[in-house]
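Now for the letters of each chain:
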Amino acid sequence: MTTVSKKTIIVFSGDYDRMMAAFIIANGAAAMDDEVTMFFTFWGLAALRKEQKPALPATGKSGLQKMFSGMLPKHAEKLGLSKFNFAGAGRFMMKKVMKAENVMTVSELLETAREQGIKMIACTMSMDVLGIGKEELIDGIEYAGVATYLGETDESNVNLFI
Amino acid sequence: MTTVSKKTIIVFSGDYDRMMAAFIIANGAAAMDDEVTMFFTFWGLAALRKEQKPALPATGKSGLQKMFSGMLPKHAEKLGLSKFNFAGAGRFMMKKVMKAENVMTVSELLETAREQGIKMIACTMSMDVLGIGKEELIDGIEYAGVATYLGETDESNVNLFI
Amino acid sequence: MTTVSKKTIIVFSGDYDRMMAAFIIANGAAAMDDEVTMFFTFWGLAALRKEQKPALPATGKSGLQKMFSGMLPKHAEKLGLSKFNFAGAGRFMMKKVMKAENVMTVSELLETAREQGIKMIACTMSMDVLGIGKEELIDGIEYAGVATYLGETDESNVNLFI
C-alpha cells in the first residue's frame, strides 16, 4: 500500500445522523492526508443546499420537480434523524447534546470538509429528478454523473455507500 | 491496478430509490468493462420477482413465510421510496419526472443489467426466511449464500452495501 | 492478493435485519480466516448492550443523554426490523421463521463473532452523544474513534457501511 490512499463516499441518505457519519469519516481521512471524494446523490443533495434561497425563482422546473425540491429539506441543519426524529425534536435534542460534548454539527463538518480540500460532487441525474438547480447549491462543488464517481473509485481502497 | 476491475454490490434495501442507485452504479461499471456482481438479500429480493405470479401456489411454505412473502412487493415497480413515498404516490410521481428526464425505471435498469452480463445472485438464506421460492424469481439468476458473495469480493476494489 | 485479507464493517443501523446481515458477513469472512473488524456507531451500539442493566444508575449523564439512552433498545434481541416491524410483531414472527429454518439470532451471531475473534469496537463519540457508558456494554470489546476505524481499513479490501 502507498502512504496516500484514496477514499470515496456516496452520500445517498438525507438523514442528519448518517450525514454526520459520512462527514466524520471523510474529515478523519482527510486529516490523515488521504484524498477523499464525496458524491452526493438523491436525498443526500440536501446537505449541499444554500441557506439562502436564490432571489429569483428557478425556471424550467415542472410542477412535480417543484414538489420534490419543495419537500426536500432546505438546508443541512434541517435534516431529520433516521430514528427518534419526532418531527425535528429528536434532531434538536441531539444537537444540544452534541454541543455539550463538543461534537460538530453537519454545517460545521461541511465547512471543515471544504477547508480540507475534500472533493464534493453533486449527482446531476439526481438533480434533474428532484428538480434541484445549480443556483440552489453551495459554491465550490463539482457536478458530474456515475462515470465520474466510478473513476474516483479506481485507486480508492475504501468506498462507502451511506 | 489492472484495467479490468471487479465490483460487488449487496442489494439489501427494498426501496425504489436505493434500487435505482444500485443498478445505475452496476450498469455504469459494466459499461466501463468492469465485472459486476449484485447479491440480492432480504428486502432486495423483491427486485428479482417475476411480474406474473406462478400459476400454482408455492408449497411447503409455513403460514409465517406466506405472510412475509405476501407483504413483500410483488414486483420491482411496486417498491416504495425510502422518503416521501406516501403509499406509492411519491414513487408514481418520481417515475413521471424520470420519464420526462429520460431516466430509466428499475425494471429497465434490471433488463440492461442482464444484457450487460452482470451476475445477479439471490441469497438463499433470505429466501428461506422470507418464504420466497425459486419459481417466484426471474430466470437467469444464480442462487448462493454469503461464502459465494465473499469469494466475489476477493478481487473487487469496490464493494458496496446498499 | 494475499491469502489472508481484512474486512471492516461499520454497523451504524440499529435494525435487527441489517444487524443480521452485518454479523452473517463478518462471521462468514472470519470462518474463511479473514481478519474482521466491526465498528459499532450510533444506533448500532444497541447490539453491544448488556442484557442485565447495571445495578447502579449511570452518573454524569445529562437529561437529554438519559433520554436517548432510554429510547435505544435495551438489547440486541429488542431491535426492530427496518420494514414490517409493527411494534415488534414483525421481528417476533421473523425470529420464529428463523428458528424453523435454523438461522441464528443476532445474539447467537454476536456470540459466534466473539468466539471467532472478530474485533468489535464501540465508537466513543457516539457513546457520548447517546449517553451510553462503558458499564452498559458487554465485555471484551474495544473503545475507539474514527482514526482507529480508518487505520483498520488500510489493509482491508472490503469495507462496508451497514
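Keep in mind that what you see is a predicted model, and the values were worked out from it rather than measured.

Caption draft 1: Geometry of the relation of the copies chain B and chain A. In screw terms, the move from chain B to chain A is a rotation of 120 degrees and a rise of 0.0 Å along the axis, fitting with an RMSD of 0.0 Å. Taken together, the rotation and translation describe the operation of a three-fold axis. Of the residues that chain B buries at the interface, just 10% are likewise interface residues in chain A, meaning the two copies contact each other through different surfaces.

Caption draft 2: Local environment of the relation of the copies chain C and chain A. Take chain C, turn it by 120 degrees, move it 0.0 Å along the axis, and it overlays chain A with an RMSD of 0.0 Å. A share of only 11% of interface residues in chain C that are also interface residues in chain A marks the association as one of differing surfaces.

Caption draft 3: Region of interest: unusual backbone geometry. Residues and elements named next belong to chain A. For Phe84, which is not a glycine, the phi torsion comes out positive at approximately 55 degrees. Mapped onto the secondary structure, Phe84 falls in the loop between helix H2 (63–71) and helix H3 (89–100). Of note, Asn102 is a non-glycine position whose phi angle comes to about 60 degrees, a positive value. Along the chain, the position of Asn102 falls in the loop between H3 and helix H4 (106–115).

Caption draft 4: Structural detail: the interface of chain B and chain A. On the side of chain A, 28 residues touch chain B, which itself brings 30 residues to the contact. Between chain B and chain A the total buried area reaches about 2,500 Å² when both faces are included, carbon and sulfur atoms providing 77% of it. On the chain B side of the interface with chain A, the three residues burying the most area are Lys83, Phe84 and Val97 of chain B, jointly 21% of the side's total. The interface formed by chain B and chain A contains one salt bridge. Between Lys83 of chain B and Asp15 of chain A there is a salt bridge, with the nearest N and O atoms lying 3.1 Å from each other. Our enumeration of links across chain B and chain A arrives at six residue pairs in polar contact (both at pLDDT 80 or more).

Caption draft 5: Structural context of the packing of aromatic side chains. Taken as a whole and judged by the stated rule, the model has 18 aromatic pairs over all chains. Arranged with centres 5.3 Å apart and planes meeting at 80 degrees, the rings of Phe84 of chain A and Trp43 of chain C form a pair that is edge-to-face. In this pair, Phe84 of chain A is assigned in the loop between H2 and H3 and Trp43 of chain C in the loop between strand E2 (35–40) and helix H2 (63–71), connecting two distinct chains. Each member of the pair, Phe84 of chain A together with Trp43 of chain C, is buried. One aromatic cluster in this structure is built from Phe12, Phe42, Trp43 and Phe161 of chain A together with Phe84 of chain B. In this arrangement the basic side chain of Lys134 of chain A is found over the ring face of Tyr143 of chain A, its NZ or CZ atom lying 4.5 Å from the centre.

Caption draft 6: Structural view of the layout of surface pockets. The computed volume of the second largest pocket comes to approximately 700 Å³. For the second largest pocket, the lining is made up of 30 residues, of which Asp15, Arg18 and Ser82 of chain A, Ser82 of chain B together with Asp15 of chain C are closest to its centre. Here the residues of the lining of the second largest pocket sort into ten nonpolar, ten polar and ten charged.

Caption draft 7: Structural view of the pattern of salt bridges. Going through the model one piece at a time under the given rule, you end up with 24 salt bridges over all chains. For Lys7 of chain B, the salt bridge identified is with Asp34 of chain B, shortest N-O distance 2.9 Å. A residue pair is termed long-range when its members are at least 10 positions apart, and Lys7 of chain B in strand E1 (residues 6–11) and Asp34 of chain B in the loop between helix H1 (16–31) and strand E2 (35–40) qualify at 27 residues. Note on Lys7 of chain B: relative accessible area 3%, which makes it buried. The salt bridge involving Glu77 of chain C is made with Lys95 of chain C; its shortest N-O contact spans 2.5 Å. With a gap of 18 residues between them, Glu77 of chain C in the loop between H2 and helix H3 (89–100) and Lys95 of chain C in helix H3 connect regions that are remote in the sequence. It is possible to trace a salt-bridge network through shared partners that takes in Lys6, Lys119 and Glu152 of chain A.

Caption draft 8: A look at the sheet that holds strand E1 (residues 6–11) of chain C. Spatial strand order, E4-E3-E2-E1-E5 (chain C): five strands in an open sheet with parallel pairing. On the outer flanks of this sheet lie strand E4 (142–144) and strand E5 (156–161) of chain C, each paired with one strand and no other. Averaged over all neighbouring strand pairs, the angle between strand axes comes to 20 degrees, with direction disregarded. In the sheet, strand E3 (residues 119–123) of chain C pairs with E4 of chain C via three bridges, with the strands oriented parallel. From the neighbouring strand, Cys123 of chain C faces E4 of chain C, where its bridge partner is Ala144 of chain C. Contacts from helix H6 (residues 146–153) of chain B reach E1 and E5 of chain C within the one sheet, and its direction differs from that of E5 of chain C by about 125 degrees.

Caption draft 9: Structural context of the interface of chain C and chain A. Taken together, the 28 residues of chain C in the interface contact 30 residues of chain A. A combined buried area of about 2,500 Å² lies between chain C and chain A, and 77% of that area is made up of carbon and sulfur atoms. Among the residues chain C hides against chain A, the three largest losses belong to Trp43, Leu150 and Phe161 of chain C. Together they make up 24% of the total. Between the two partners, chain C and chain A, sit six residue pairs in polar contact (both at pLDDT 80 or more). Elements that contribute at least two residues to the side of chain C that touches chain A include exactly H2, helix H5 (124–130), helix H6 (146–153) and E5 of chain C.

Caption draft 10: How the structure looks around the sheet that holds strand E4 (residues 142–144) of chain A. Residues and elements named next belong to chain A. Overall, parallel pairing links the five strands, which are arranged E4-E3-E2-E1-E5 in an open sheet. What marks the edges here is a single partner per strand, and that holds for E4 and strand E5 (156–161). Neighbour-to-neighbour, the strand axes of the sheet open up by a mean angle of 20 degrees, direction not taken into account. In the sheet, strand E1 (residues 6–11) pairs with strand E2 (residues 35–40) via six bridges, with the strands oriented parallel. When the sheet's bridge partners are listed, Lys7 is paired in E2 with Val36. Seen against the sheet, helix H1 (residues 16–31) touches E1, E2, strand E3 (119–123) and E5 and runs at an angle of roughly 160 degrees to E2. Taken strand by strand, helix H6 (residues 146–153) contacts E1, E2, E3, E4 and E5, and its axis lies near 150 degrees from that of E1.

The rules behind the values
Residues numbered from 1 in each chain as written. Chains lettered and ligands numbered in written order. Predicted model: local features only at pLDDT ≥ 70, side-chain atom pairs only at ≥ 80, totals over all residues. Heavy atoms only, no water. Least-squares fit on C-alpha atoms with pLDDT ≥ 70 in both. Contact = heavy atoms within 4.5 Å. Helix = DSSP H or I, 4+ residues; strand = E, 2+ residues; numbered from the N terminus. Buried area = accessible area lost by both parts, 1.4 Å probe. Salt bridge = Lys/Arg side-chain N within 4 Å of Asp/Glu carboxyl O. Polar contact = N/O pair within 3.5 Å; in protein donor to acceptor, adjacent residues only side chain to side chain. Phe/Tyr/Trp six-rings, centres within 6.5 Å; stacked < 30°, edge-to-face > 60°. Buried < 20%, exposed > 50% of the residue type's maximum accessible area, 1.4 Å probe, protein only. Lys NZ or Arg CZ within 6 Å of the ring centre and 35° of its normal. 1 Å grid on protein atoms, 1.4 Å probe; cavity = no way out; pocket = protein on both sides within 12 Å on 5 of 7 lines; lining within 4 Å. Points joined across faces, edges and corners; volume = space filled by probe spheres on them. Nonpolar A, V, L, I, M, F, W, Y, C, P; charged D, E, K, R; others polar. Pairing = 2+ DSSP bridges. Axes fitted to C-alpha atoms, helices over the stretch in contact; angles between N-to-C directions.

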